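Survey of secondary and tertiary structure
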Amino acid sequence: MDGTDNASFLTSRLEEAIGWARKYSIFQYPFVTACCGMEYMATACSHYDVDRFGAGFPRFSPRQADVLFVVGTISHKIAPALRRIYDQMAEPKWVVAFGVCTCTGGFYDNYATVMGIDTILPVDVYIPGCPPRPEMVLDGLMKLQERIQGTRKTGKRPPPEPRPDIFQP
Amino acid sequence: MADQSNGSPHAHAADMETRDMLLNIGPAHPAMHGIIRILAQLDGERIDRADVEIGYLHRGFEKMAETVDYNGVMPYTDRLNYVSPLINNMGYCMAVEKLLGITVPERCHYVRVILAEISRLADHLTCIGASAMELGAFTVFLYMIKAREYLWELVERVTGARMTVSYCRVGGVKGDLPADFAEPCAKAFAETGRVLAESDILLTRNRIFVDRMSGTGVISAADAVSYGITGPFLRSTGTDYDVRKDCPYAIYDRLSFDVPVGTRGDNMDRYLVRMEEMQQSMRMVEQALRDIPPGPVQVHPETGRQIPAAEMVDLAKVGNIAAIRDDSALTCPTLEGSGREERPSVATHEKRVFLPPKEDTYGNIEGLMQQFKLVMFGHGVRPPRGEVYFPVEGANGELGFYVVSDGTGNPYRVRVRPPCFAIMSALSKILTGDMIADMIPTFGSVNMIGGELDR
Amino acid sequence: MNAASLIDSVVQRFPDAVSASHSYRGDATLVLRPQFLVVVAQFLKQDPALAMNFLMDLTAVDYSAFGTRPTPAFFSSSGVAVRPSTQIPDPDPWAGPPNGVRFTVVYHLFSLVHKHRLRLVVPLEEAVEEVDSLTSLWPGANWLEREVWDMFGIRFRGHPDLKRILMYDEFEGHPLRKDYPVKKRQPLIGPVN
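An account of the accompanying structure is given in this report. (Residues numbered from 1 in each chain as written. Chains lettered and ligands numbered in written order. Predicted model: local features only at pLDDT ≥ 70, side-chain atom pairs only at ≥ 80, totals over all residues.)

**Some thoughts on the overall build of chain A**
- A count of helical and extended segments in chain A gives five helices and five strands.
- The 169 residues of chain A split such that 44% are buried.
- In chain A, the share of contacts with a sequence separation of at least 24, taken over all contacts with a separation of at least 6, comes to 78%. (Helix = DSSP H or I, 4+ residues; strand = E, 2+ residues; numbered from the N terminus. Buried ≥ 20, exposed ≤ 12 C-beta atoms within 10 Å, placed from the backbone. Contact = placed C-beta atoms within 7 Å.)

**Quick word on the nonpolar core**
- Counting residues in each nonpolar core, the largest one holds 225 residues, and the members touching the most others are Phe31, Val70, Val96 and Phe98 of chain A, Leu151 and Met424 of chain B together with Leu109 of chain C.
- If near-sequence neighbours (up to four positions away) are discounted, Phe31 of chain A is found in contact with Leu68, Phe69, Val70, Val71, Leu82 and Ile85 of chain A together with Ala28 of chain B. (Core = buried A, V, L, I, M, F, W, Y, C linked by C-beta atoms within 7 Å.)

**Quick word on the pairing of strand S2 (residues 29-32) of chain C**
Residues and elements named next belong to chain C.
- Side chains Thr29 and Val31 project from S2 onto one buried face, and the interleaved Leu30 and Leu32 project onto a second face that is buried too.
- The pairing of strand S1 (residues 18-22) with S2 spans four bridges and is classified as antiparallel. Note on S2: the bridge partner recorded for His22 is Thr29.
- Linkage of S1 to S2, two consecutive antiparallel strands, is achieved through a turn of six residues, within which Arg25 is found at a positive phi near 55°.
- Of the strand pairs in this sheet, S2 and strand S5 (residues 117-123) are connected by three bridges, and their pairing is parallel. Counterpart to Val31 in the pairing with S5 is Val121. (Pairing = 2+ DSSP bridges.)

**Some details on the packing of helix H4 (residues 106-134) of chain B against helix H18 (residues 439-446) of chain B**
All names here are of chain B.
- Two elements in contact, H4 and H18, have axes whose closest approach is 9 Å; the angle formed by their N-to-C orientations is 170°. Taken together, the axis directions place H4 and H18 in an arrangement best described as roughly antiparallel. Residues Ala130, Ser131 and Glu134 of H4 pack against Ile440, Pro441, Gly444 and Ser445 of H18.
- When grouped by side-chain class, the residues that make up the contact of H4 with H18 number three nonpolar, three polar and one charged. (Axes fitted to C-alpha atoms, helices over the stretch in contact; angles between N-to-C directions. Parallel < 35°, antiparallel > 145°, perpendicular 65-115°, else oblique. Nonpolar A, V, L, I, M, F, W, Y, C, P; charged D, E, K, R; others polar.)

**Brief notes about unusual backbone geometry**
- Following Glu91 of chain A, the chain continues to Pro92 of chain A via a peptide bond in cis, the omega torsion being -10°.
- Following Cys130 of chain A, the chain continues into Pro131 of chain A via a peptide bond in cis, with omega recorded as -10°.
- Residue placement: Pro131 of chain A occurs in the loop between strand S5 (125-127) and helix H5 (134-149).
- One non-glycine residue with positive phi stands out, namely Ala51 of chain C, at about 50°.
- For Ala51 of chain C, the position within the fold is in the loop between helix H2 (37-46) and strand S3 (54-62).
- The phi torsion at Lys115 of chain C lies on the positive side, around 60°, for a residue other than glycine.
- Structurally, Lys115 of chain C can be placed in the loop between strand S4 (103-110) and S5.
- Take Lys115 of chain C: there are 12 C-beta atoms within 10 Å of it, and that puts it in the exposed class.

**Observations regarding the pairing of S3 of chain C**
Residue and element names in this part refer to chain C.
- Counting buried residues along S3, nine of its nine residues qualify, which places the element largely inside the surrounding structure.
- Judged from the eight bridges that link them, S3 and S4 form a sheet pairing that is antiparallel. Considered in S4, the bridge of Leu55 is made with Leu109.

**Describing the interface of chain C and chain B**
- Each partner contributes residues to the interface: chain C has 39 residues there, and chain B has 46 residues.
- At the level of secondary structure, the elements contributing two or more residues to the side of chain C that touches chain B comprise S3 and helix H3 (141-152) of chain C.
- Ranked by residue count, the leading element in the side of chain C that touches chain B is S3 of chain C, at six residues.
- Its residues placed into classes, the side of chain C that touches chain B shows 23 nonpolar, nine polar and seven charged.

**So, the interface of chain C and chain A**
- Facing 13 residues of chain C, the contacting portion of chain A comprises 12 residues.
- Of the residues in the side of chain C that touches chain A, the class split is eight nonpolar, two polar and three charged.

**A short note on the sheet that holds strand S4 (residues 94-98) of chain A**
Residues and elements named next belong to chain A.
- Here we have five strands laid out as an open sheet, ordered S2-S1-S3-S4-S5, and parallel in their pairing. Strands at the two margins of the open sheet, each flanked by one partner only, are strand S2 (57-58) and S5.
- Those strands touched by H5 are strand S3 (67-71), S4 and S5, and its axis lies near 175° from that of S5.

**Focus on the sheet that holds strand S8 (residues 386-393) of chain B**
Residue and element names in this part refer to chain B.
- Pairing is antiparallel in the open sheet, where three strands are placed in the order S8-S9-S10. Whereas interior strands pair on both sides, the edge strands pair on one side only; in this sheet they are S8 and strand S10 (413-417). On average, each strand axis in the sheet is inclined to that of its neighbour by 15°, with strand direction left out of account.
- Pairing analysis gives five bridges linking strand S9 (residues 398-405) to S10, with the strands arranged antiparallel.

**Points about helix H3 (residues 85-100) of chain B**
- The end-to-end C-alpha separation of H3 of chain B is 23 Å, in line with the 22 Å expected for 16 residues at 1.5 Å each.
- A positive backbone phi angle near 80° is found at Gly101 of chain B, which sits one or two residues after H3 of chain B. (Expected span 1.5 Å × (residues − 1).)

Here's what the structure looks like:
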C-alpha cells in the first residue's frame, strides 16, 4: 500500500464505504473470445448465478464498464483491440484474466497466441482453468471484490507483481 | 445536401445526394459468439456490402497437431467447436482409426454416438439461446442454459469434465458409461424436453420473433451448395444432406431418426430445423441406450460376486476380511483399478494403439510392454504412411478431418474442414440487401464458433 | 459409384491429366497435373454421372519434411536413436507423396446426388508455387484459397482478392510451412515472448 497513510478516521471510513459500494456493483466488460466464454455464460446464468454478487449486468461499452473480463485466448491479431479497449475504460478499472490462455497462454504455445495478457495489460486477478469451473470463477470474483474493497480513494492499489522470468527459452 | 436545380424550395428525397456509411462491427462486440469483424457499407439502414474479416481466434491448431502425438491432439480437437466437443473428438478419432485400419467394439460406437448426440443437444441449445437473447428474449437464454447445465452434469458423470472433455482416444474411449447412466440421462432429457416445450411456446409463434426471423438471411439452395455449406444451414434451404444418413458412420445406420428439412432458407427455418433436431437427438440417445450391447462384465469371473467399493471398505475397516476375501469391488469406471472388466467394451483389441488396463500394466510383463511401447518418447501410436479424410456430422454441418501420416508418432498434417467456415464465406452474400437489424438474427443462426472457424 | 469406377471415368476422359491414382482406405484419389485442374474439376462438376457439386475442402500439404523427421532418442542424452519398429502392417500400402514435390494442393469433392467422394491431389512443380483458382466454379473456394495462401504461400491464378485471412497483414511468412518454427512470434504489440 502507499506509504503516505495520513488518512483520518472519517476518510478511511469513507474509503471503505466507497469500496463496499464498488465491489457490490461491478459492471463487467466481457471480452469473450473462446471456449471460456461457455463457462462464463454458465456462471452468469441460473445455476451459478453471478448476479447475486452484484456483477450480473455486463456493459458492452468500455466507457461504462469497470471490470474488464478477458475470457478466452488472445491472439496477436486481437491484442491491439484489447489494449485499446483497456485504454478506453475509465478509472477505476480492474482486469480479470479468465482462463489459462489469458493467464499464461495455455497450451497454445505458438506463433499466434499472446502468452499471458499480463504482457500487455496489468491484471488484477488470474483465474486459471481450461475452462475454469464456475465455482472457481466465483472464487476469483470474490478475490476481485476484496481487491476492489482495498483500493484507496485515489485509485492506488498494490502494483501488480512483475511476471517472473521462470522460463528461459 | 439538397438539389435545388428545379427551383422549388423543398428538396425531394430522391434528389438528395447521400453517402454510404461504413460501419465497423467488431471485432469485440456484444453478441457473445466470438470475435469477428464485419465492415458494413450502409445505405441508410440497408446493407449494400458486408466484408467479413475472421482470424481473430487463430490459435494454430494445425501447427500444434504436428508437434504432439496422435492422442495428444485430442485436447486441441475439444477446443475446435467448443460447444460440442465430443463430436470433434469422435471425428478425429474415427479418422485416425480409419488410417490405422482398426475397428472398435460395438459398445464403444454406441457410447460415442450417445455422447455425440448429447453434445449436439448442448450446441443447439446454446445457439438458439444466444440468438434469442440477442433478439431480446433473455428468458429463453436462461432456460436453455439451465437445460445445458443438466446435460453438462450428465457429461461430467461420464467423462469427468463439463465441456472440454477429451473423452475419446484413438482406438476407443477413456472409460465406459457408469452403470447408472440411464436414469440421470432420462431426468436430464425430461428437463430438456420441458425447456424446449417452454421455449417453443415463447418463441415459435411470437410475433416479434417471427417478424424478425422470417424472410431475413435468406439463401437459396443452389448458392448454399456452391459455397459448400452443410448442416442445418443447408437443410433449411430444402436440400436434404446429413452425413449421418447419407454417409453413415459408427452405428447411425441402426438408429431410426428423421432429418428435418426447411423450405425457405431463412432464419426462421434454421431455428425450426435446430429445434426439431434436438428432439431427434434425444430420440436417438434413447434408442441407443435401449440397444446398447451389454457393458462391462458385471460379475468377476473368478469369484462371482461384486459389491460396491464403499461397502467393501467398510467391511474391511471393521476387520471382516473373511467376508470380502473372494469378492471384487465395484468401482466407478472412471477410477483406476477397474479397467480390466470394461476394457473389451470400450477399446479396440489392437495392442499397438490403446493403453492396457492398469491391472495389466502393473500385473504382467505383456501389459507393461504394451504401456511402454505406447508411452515412451519416440514410440506411441504410429499409423502407417497414408492419408484419409473422414467426415462426421458436426452441429454446424460436415466436419471433416484430413489426416496425413508419415509413419512416425506425430501426425504429419491434420486438417479440419470447419463447417462454419463455408457458412461465413457466404455471409457477406447473405447480408447484402438486408437491413442492419437483420444482421443480428442472421449471425446468430450461423452459429459461428470461433474455435472452429479460425482454428 | 465406387472408388474404382470414379477413378476410371476420369482417367478415360482425361488420360493425360492423371499421373497417378489410388484408393487408400477406400478414399478415391487422383493425382493430377496442375494444368488440367480446371478442366477436370469442371468435368467432375458438370458430368451427370459424377455430379460433384460440393467442393468440401481445399487445402495443401508441405511434404518437405516427409520421412526426414528425426526419430527422437530413447534418452536424449545418450544419443541412442530409437529404431521405429513394428507398426501395424498394411496389406495395401500407400504410394507415398509424389516424388520430389514440396507442395500439393488437395481438393475434396462430394456429390450430393450420388453420395460419392473424390480427392484430387495436385502436386506443384519445383519452385512454382502457383495453381489455378477454382473460384469460377465454386464461390466457396474463395476463402479456402485465401487460407492456403495465408498458411502456405501458394498463389492462385485468377483469384479475385488473394489476401491473408487468418493472420494479420503485418505477419511475415507462412506459418504452416515446415520451415516456419512453431514458436516464432511477430507480435503487433507487447513483447516477443
